[in-house]
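If you want the building blocks of each chain, they are given just below.
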Amino acid sequence: GSLLWGSSEPTPEERAQRIAELRAVLAAESAGDAAAAEGGSPDSTAIAPAVRDEDLEAFLVARGGDPETAAEMWRQTQAWRRATFPIARTEAIERILNSGRFRDMGFSSSKPARLVVIFDAKWGSFLDGEDEQDLISAFLIHFEEQLARTDAQGVYSIIHVATGGPPPMDWIRKLTAVLEANYPERLH
């Protein structure tokens, strides 16, 4: 199945062409980076052949189908990933991961199947006693684990359900900024 292109859903041929264009833009950057490094290895933000079409398509969808802006988003995400991961599983992060704030409900029976995960705002006590950055880090660990599960099942996106009242809006804005910039089309 395809991602949510909206009213501009491309044909399968157009989809393949856009993905090929994005791969070409990223490959050209890789070649330029290698030359600039005077025979060094290509820049790690460059595209690897093993990257799935769905991953590249998500960046295209997020950038209106434009390969140049999708490539820029890809580069920024790869830089963010290098700076962010791995995340140390500190005592505070383990406590948050075990608190029930983030959990999964398994795969939906819909077609295409999606993993359903729960975000529990804890009826106003979501932030109680915890550092906001630790909460974001714990969410990212949980989310990465869920993405590994979906990838292993051939499922691309996740349905996120919020329970326990409204989430703390300032915190959720910070998390949303991270997710929108670095996980295009993974949450529905």
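See the structure printed just above.
A brief report on the enclosed structure follows. (Residues numbered from 1 in each chain as written. Predicted model: local features only at pLDDT ≥ 70, side-chain atom pairs only at ≥ 80, totals over all residues. Heavy atoms only, no water.)

**Some thoughts on the packing of helix H5 (residues 132-153) against helix H6 (residues 169-182)**
So, point 1. It is the contact of H5 with H6, at a shortest axis distance of 11 Å, that shows an interaxial angle of 40°. Of the possible angle classes, the one that applies to H5 and H6 is oblique. Handedness of the crossing formed by H5 with H6: right-handed. Listed contacts from H6 to Glu132, Leu135, Ile136, Phe139, Leu140 and Phe143 of H5 are Trp171, Lys174, Leu175, Val178 and Leu179.
So, point 2. A class-by-class count of the residues in the contact of H5 with H6 yields 9 nonpolar, no polar and 2 charged. (Axes fitted to C-alpha atoms, helices over the stretch in contact; angles between N-to-C directions. Helix = DSSP H or I, 4+ residues; strand = E, 2+ residues; numbered from the N terminus. Parallel < 35°, antiparallel > 145°, perpendicular 65-115°, else oblique. Left-handed = near helix turned anticlockwise from the far one by under 90°. Contact = heavy atoms within 4.5 Å. Nonpolar A, V, L, I, M, F, W, Y, C, P; charged D, E, K, R; others polar.)

**Here's the deal with helix H3 (residues 67-84)**
So, point 1. With 18 residues, H3 should cover 26 Å at 1.5 Å per step; its first-to-last C-alpha distance of 25 Å lies within 8% of that length.
So, point 2. Of all the positions in H3, only Pro67, Ala70, Ala71, Met73, Trp74, Thr77, Gln78 and Trp80 are classed as buried. (Expected span 1.5 Å × (residues − 1). Buried < 20%, exposed > 50% of the residue type's maximum accessible area, 1.4 Å probe, protein only.)

**What to know about the side chain of Asn182**
So, point 1. Tracing the backbone through its elements, the reader meets Asn182 in helix H6.
So, point 2. By relative accessible area, which is 10% here, Asn182 ends up buried.
So, point 3. Polar side-chain contacts of Asn182 include one of 3.3 Å to the side chain of Thr77.
So, point 4. Filtering out sequence-adjacent residues up to four positions away, Asn182 remains in contact with Gln76, Thr77 and Trp80. (Polar contact = N/O pair within 3.5 Å; in protein donor to acceptor, adjacent residues only side chain to side chain.)

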